[in-house]
Structures are given as structure tokens and as C-alpha cells.
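# Remarks on the overall topology
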Amino acid sequence: MTTAKLKEAFEVESKHGAFYTGGNVEWHKDTLYCQTASSVSLLNTQDGTVSQTIGEDNTEDSDHIHTFTTDGERLVSSHKSGLLKLWNAKGELVKVWKCIHKGPIARLTLNHQLLASGGSDGVVRVWNLEHQTCVLSLKGCQGVVNVVEFHPENAILASGDDGRVLSWDATKGASLTTYNAHFSKVTALLLVNEKHLVTSGRDKVVILWEFGHGKPLRTIPVYENVEVVVKLPEKFKVPGFKSDPECIYVASAGERGLVRVWDVTNAKEVYVQENSLVTKADEGGLAITKLLFQQESKTLAVVTADHNIILHNLKSFVCLKQFVGFSDEILDVAFVRKDSSHLAVATNSLDIKLYDSTMNCQLLKGHTDIVLCLSTSTANPDLMLSGSKDNKIRLWLFNGSSMSCVGVGHSHTASVGSVAFHNATSCFFSASQDTCLKLWETPANPESDTILTCTSTEVAHHKDINCVSVSPNGKIIATASQDKTAKLWTEALTLVGTLKGHKRGVWSVAFSPVDQVVLTSSADCTVKLWSVSDLHCLKTLEGHESSVLQVAFISNGMQIVSAGADGLLKLFSVKTSECVGTFETHEGRIWAMAVHKDETEIVTGGSDSLLVKWKDVTEERKLQRLKEQEEETLQQQKLANYLQNDELVKALKLALRLDRPLQVLKIVQGIVRKGDTTGLSDAVKELRNDQKESLLKCATDWNTNSRNCHSAQLVLNILIGELQTGEFRPVGLSGALEGALPYTERHFKRLTQLLQDLHFLSYTINCMQPHIKT
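Everything in this summary refers to the structure shown in the same document. Computed from a prediction, not measured in an experiment: that's the story for all the values here. (Residues numbered from 1 in each chain as written. Predicted model: local features only at pLDDT ≥ 70, side-chain atom pairs only at ≥ 80, totals over all residues. Heavy atoms only, no water.)

### Remarks on helix H3 (residues 661-673)
Counted at 1.5 Å a residue, the expected span for H3 with its 13 residues is 18 Å, and the 18 Å between its end C-alpha atoms agrees. Of all the residues in H3, the buried ones are Val664, Leu665, Ile667, Val668, Gly670, Ile671 and Val672. (Helix = DSSP H or I, 4+ residues; strand = E, 2+ residues; numbered from the N terminus. Expected span 1.5 Å × (residues − 1). Buried < 20%, exposed > 50% of the residue type's maximum accessible area, 1.4 Å probe, protein only.)

### Brief notes about the packing of H3 against helix H6 (residues 709-725)
Where H3 contacts H6, the two axes come as close as 10 Å, and the packing angle between them is 85 degrees. Of the possible angle classes, the one that applies to H3 and H6 is roughly perpendicular. From H3, Leu665, Val668, Gln669 and Val672 reach across to H6, where they touch His710, Ser711, Leu714 and Val715. Within the contact of H3 with H6, the residues separate by chemical class into five nonpolar, three polar and no charged. (Axes fitted to C-alpha atoms, helices over the stretch in contact; angles between N-to-C directions. Parallel < 35°, antiparallel > 145°, perpendicular 65-115°, else oblique. Contact = heavy atoms within 4.5 Å. Nonpolar A, V, L, I, M, F, W, Y, C, P; charged D, E, K, R; others polar.)

### Details of the packing of aromatic side chains
Note on aromatic pairs: each is described by the distance of the centres and the angle between the planes. All told, the structure shown has eleven aromatic pairs when counted by the stated rule. Geometrically, the ring pair formed by Phe236 and Tyr249 is edge-to-face, given 5.2 Å between the ring centres and 85 degrees between the ring planes. Here Tyr249 lies in strand S25 (residues 249-254) and Phe236 lies in the loop between strand S22 (226-231) and strand S23 (237-238), a separation of 13 residues in the sequence. Phe236 gets classed as buried once you look at its relative accessible area, which sits at 6%. Residue Tyr249 is classed as buried on the basis of its relative accessible area of 4%. For the pair Tyr271 and Phe317, a centre-to-centre distance of 5.0 Å together with 40 degrees between the ring planes defines the contact as tilted. Within this pair, whereas Tyr271 is found in strand S27 (residues 268-272), its partner Phe317 is found in the loop between strand S30 (308-313) and strand S31 (319-324), the two being separated by 46 residues in sequence. In this structure Phe317 comes out as buried when scored by relative accessible area, which is 1%. (Phe/Tyr/Trp six-rings, centres within 6.5 Å; stacked < 30°, edge-to-face > 60°.)

### Some points on the nonpolar core
In this structure, Leu652, Val664, Ile667, Val668, Leu680, Leu695 and Trp702 are the most contacted members of the largest nonpolar core, which totals 32 residues. Apart from the residues lying within four places of it in its own chain, the contact partners of Leu680 are Val668, Ile671, Val672, Leu714 and Ile718. One finds Val259, Ala281, Ala287 and Val302 within the second-largest nonpolar core, a separate group that totals 24 residues. (Core = buried A, V, L, I, M, F, W, Y, C linked by side-chain atoms within 4.5 Å.)

### A short note on the pattern of salt bridges
Taken as a whole and assessed by the stated rule, the structure comprises 14 salt bridges. When the shortest N-O distance is used, the salt bridge between Lys615 and Glu620 registers 3.9 Å. Judged by its relative accessible area of 29%, Lys615 falls in the partly exposed class. Through salt bridges that share partners, Glu56, Asp63 and Lys85 make up one connected network. (Salt bridge = Lys/Arg side-chain N within 4 Å of Asp/Glu carboxyl O.)

### Regarding unusual backbone geometry
You will see that Gln132, though not glycine, has its phi angle at about 55 degrees, which is positive. Mapped onto the elements, Gln132 comes out in the loop between strand S12 (123-128) and strand S13 (133-139). On the accessibility criterion, Gln132 (17% relative accessible area) is buried. Here the phi dihedral of Ser609 falls at roughly 70 degrees; this positive angle occurs in a residue that is not glycine.

Given below as C-alpha cells:
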């Protein structure tokens, strides 16, 4: 067996957090602009990563965003402070000005150098972006103005809460046509061309209008609350239908969670989505809040009330990608498939999120309450178990490109907190808040929602069971509980022994892959190693300042990685019991941790909604250190060559760059010994400002020793002279002088006393001269 290489460091490879928490979403090219509390995230639809964030960090003190609008080149945001902010494409703040509205702004729309804002005060204001001035104040709407659009024929249309759509002249502000046919709030206004517009509302109708005429052309009952309509191109196909270029088509969505395509010219429905991934909302609620269509790729984006964004191909209506905008707390993670290409994530949700390498997400539906735990099989990585607050266990199978539920277990009477496969995959174990440990059979050929059979049950602990784990040979099962103990069991659930020693509840338990050792972590901030044979505690590892929630062996059992409620990921050496490294990026508890099977990657998730991928950078760090050592050796040889060739100025520069104070001192002393103080002054003048600062620091240090004070005073004298001429501009001069003055005064007093003694000695000798007999 090959010796495993020890890890030294992990670095954050990628972080996936909340990029959409509700509000506006806009689509330009391959980028989705998604609103969060106080910033706008730019999501790349190709790889599922946030390429840029415009705005402030999402903190309690940040200025929250009410809404925003963008044209791809610039972005305007409205804030809680009553300010409008203009940002450029690089995310730099260009202008800030007061919005004047009496209350928050609900809607913003851009049109070249004009910006229209609809406020909760029922007023529409038009702004000149070049001068940030309000050029028009348009009144007439009632309630919150949540729909504002510019019409190509120099007009502005807007609607409030009363169901009327008003229009004004965009230059003079004169009132034009009023479109009054809705009996409830207008939720969307779509300009399909210069002559026609389409509106939808909470009165469950879609209306086609001719611009400039207040009488509807077509009123289409849709029998659901419609939140959004989007224009479709003249030529397109959907399953079972091909468009007529002479007709006007729109897609609508809202309460039912379905995308529906309408021929508004003929007032008929031509397509209803059949494969919707969105759950229907309760009566009066919303399932879909936004529809976006990209002309180039013929792709339709569906934004759901759960903050998910689903991309559909228009022709086939197949789901291309699904992005999860907000995950809340992450409770567990697990790698799925043989190559660990997918990652299953359990959050504060009924659904399990299955991510691929591009962060495209599949929602696994089945549980009726929050999913608490996940586990995959080493023998068959396509199988996965999940436990939930609905007291059920579900067995999932990856088949083709998706995962589906193939088994359900109903035996527990409380939340299932942990599940684990037996190594042979013929059975698995579950632990619950009902204090029971259960053994289940894995069906040989599971089909959809097969009822799983529980073959054995044992009351294992006095309190909630937090974790269950199976040994590498499958003969021992370990459980960890809130009753401060961990217990070892046989395959038949016969008690082997109890591990006592923790002062608080035990959160996690894991077996060593090579030794008869079991590892536990607890709320008492410690990690303990136990002997399986005699049940004694072998070692106690300390380092965390809060509960240690997850632990795992890596490097063939030579090292331990742990995650805690302090937000830290720690790496321990089993041999020395020392903490080798501490890695920090989470801002809350780390509930979940999964180690890739080749141990090159660790994934953590916690209460801060962050899913963090850590990569092993041990080899990279070693190569970097080796490269630095080689570079240092070359520089040392170069310095020795300069000194050998008596090129003292070049040697002085290189020694300063290498931060070698002693070598610099020897070079300065060498210049002084040659009696070439002018040469020293010339050498100092050739230095850069940062090199002079380093020399000043060195001289201040030399000045503390009387042996080196002569060289130090010469250098200080030269540097102060350059300071007076303006050739030297140091940073932190006062500190350097404060450090040098006391020692300089001491040297001055010592030299003055020495000079006095020399004069007295000379005087004494002169007085003795006449009395000396020749």
C-alpha cells in the first residue's frame, strides 16, 4: 500500500452563495442581472458562476436596494436611503442623487439618456441621466406605480393600483390616452410593436390594445393571476405549434406555475407547458414572478417565487439549466456518481438540490418537510439516501442524466437525523430523534417509490441521535448522540460498547480507514480518538472555540479534518495531535462537510448559505517554496559576485531588495573603509524611494549598537540631506526618527566625553614635558 501524502493547506476554489433573494431580474447577452438585498449579482448562464457584483456587501448597515434597471452598459439602482445610484459596467459608482419621491421607488426603466421612475407616491418622474435632473413629474396614477414603459413614439405609459394605464407625452408631459379595462391591478405592460401593447392583471385577463385608442381590441380570460407577459418572435415553434408571422404572440405566467403561449390577435391559447418544474401556488399566490426571453438563443427564463431561475429551450420547452438563487441554511452535502461529478445539497427546504459541475441544479422532490441528512454508497455511488423532518427515508437512484426516488421508508416516529449505507449496499442504517437505530434492506431492483423494509430496530440512546457511521469492513456501526456518548454496534444491532468522555452532546462520528480507531466530535469543542478494541480514549484534540459539528479522516487516516460552529475548517495531524492548518471563509456554523474520494477537494456548507469548494494546494505550495528557494539561491550568488567584483552599489541595491540588514551593513562598512563617503552618497542617490526607506529602517536598527553607530550616522546624515532637498519622501518618518534620536543623543554624549578625555590626556602630557629629563 502506498503511503498517503500529508496535506498542508486548502484554498477556496469557488464560493456559491445567494445571488438572487427576490426583486428584479434582467437578461443581457449571457448575463442575468439578479437583485439581492444591497447589490446586483451578474450570473453567467454558461457556467453558473457570479462573474461580478455591483453594489455594497450585504450587511445589516448596507443601503438596501428597492429595484434596479440596466441596459448592459450601465445600471441604475434605487435605495432605501432615498438615493438613485448610477453604476458603470465595471461596477464603479458614477453618480448619486436624491430621488425626490415621497416613499420607495417600485419601478425603474431606461431609455437612452432618460430614466423613468415609478414611486409608491403615485408619481412617475423622468430624469436626465447626463445631468441627474428631474425633467418631468407625471401625476394621475393611484397607489404604487409598478409598471412604467417608454413608447417609441415619444410617450410614457404607467399604471398604479387602480387598473388604469395612463400615457403622457415624454417631452412636455401632457396627458394622452387612458387605457381603462382592467378591474384589478395591472401587473405587466408589454409593447409588442409601435402600434400595439398588451397588458395583464390580477383580474385574470390579458388585453390587447391599439396604441392611442382607449378601447381594447381583444380581452382574453386566462383564469389565473398573471404576473408577467413576454413578447415572442414572429417566427418560432413550440411543441405542437408553429407561429403565423401575421399574428402577435405572447407568453404569460403566474399563479399556476405554467408558461402559456397566447395568440392575442385571435384571442386563443396555442400552448400550455406540460413539463413545468414549478409547483402551483396557493389561491391568490404566485408561483412565477418573472419571464425573460433571449432572442439570440431562443431561450425562455422562468423566475420562480422560490428564487429559482429555470432556462427553457423555446422550441422543445426542455429545461436547459436551473439555478438556485437562494438556499438558506445548508444542512448536509454529499458527492454523487462514480466520478463525484454531482453534488447533492440539503437545505432548509423540502427539495434536495442536485448540482452538476456548471452549478446547473435539479430539484429532487418527494419529502414533505425539511431534508436533514444525505448519504451515498461507496459501492454504488449512483444510490443516495435522504432523511427528513417528515420522519421518512427516501432512496434515490441516478439514472441517465437525472435522479429519481425509488424507495420510501416510513418506520421512524420522529425526524430522521442521519443515514448511512452498509459497504455492500445490501442494507443501510438510519438514526432519528426518536432515539432508535434501524436496519433496512436495500431492494435489489428498486422501482418508483418502493416501500423499504425495516428488518431491525434498537433503542440506541437516551436522547436524539445525531450521526450514524459504518466501519470500512462493515462489521461495526457507530452512533453519536446528544446524551454525550457514542456507541458501537454489530451489524445485527447488538451493543459492543459505549464511548464515554465528552462533556456535551456528540455531533459526529467516523471510522479510520486503516486502524481500529473511531473519531468523535462534540459540543464541548473537542475531537477524540477512541480504540475500538478496548473502548479507551487515545487522544483528545483541541483547537475549535465552539462545537465541532463534522469530522473526517483523510490521508489514509494520518490526518483529521474538522468543521465547527465557529465557521472554521481545521486540519489536524493524528501523530502529533497538532493543528496543521486553519482555514476561514464561512461567517456562521459549518453544518455540512463532504470529502471528495481522491481527497483533492472538500465541500462545506453552513448557516451563512455559502457552499464552499476547497482544493488541496499542498503540492502547489511546495512547488512555490521550491521556486522561491531557487530564486533566493540565484540572488545570493548574484550578490556574492557583486561583492567579489567590488560592485558595491549594485550589491547594496540587491541586499536591500533581499531584506538582508547585516549584508547591507557590511557593504556600507566596506564603502566607509575605502574612505569613499562621496561614493556612499552617490550610491544612496541611485536607490529608489522604497529602497531608501529600507535603508533608513536598517540604519535605525544599526544605530542601537555602538559598534555600528558610525555607519548608521553616515547613512542617516545622507538620507536627511536628501530629505531636505526633496529627493527622499519616506512613509512613517516620525516613527523612524523617534527611534533614532535617543540612541543618537547617547552616541553624541559618549563621543563628547571621549573627546574631553582625549583633550585632558593631551594637556597632561604637555604639562609633563618640561620635567622629563633627557
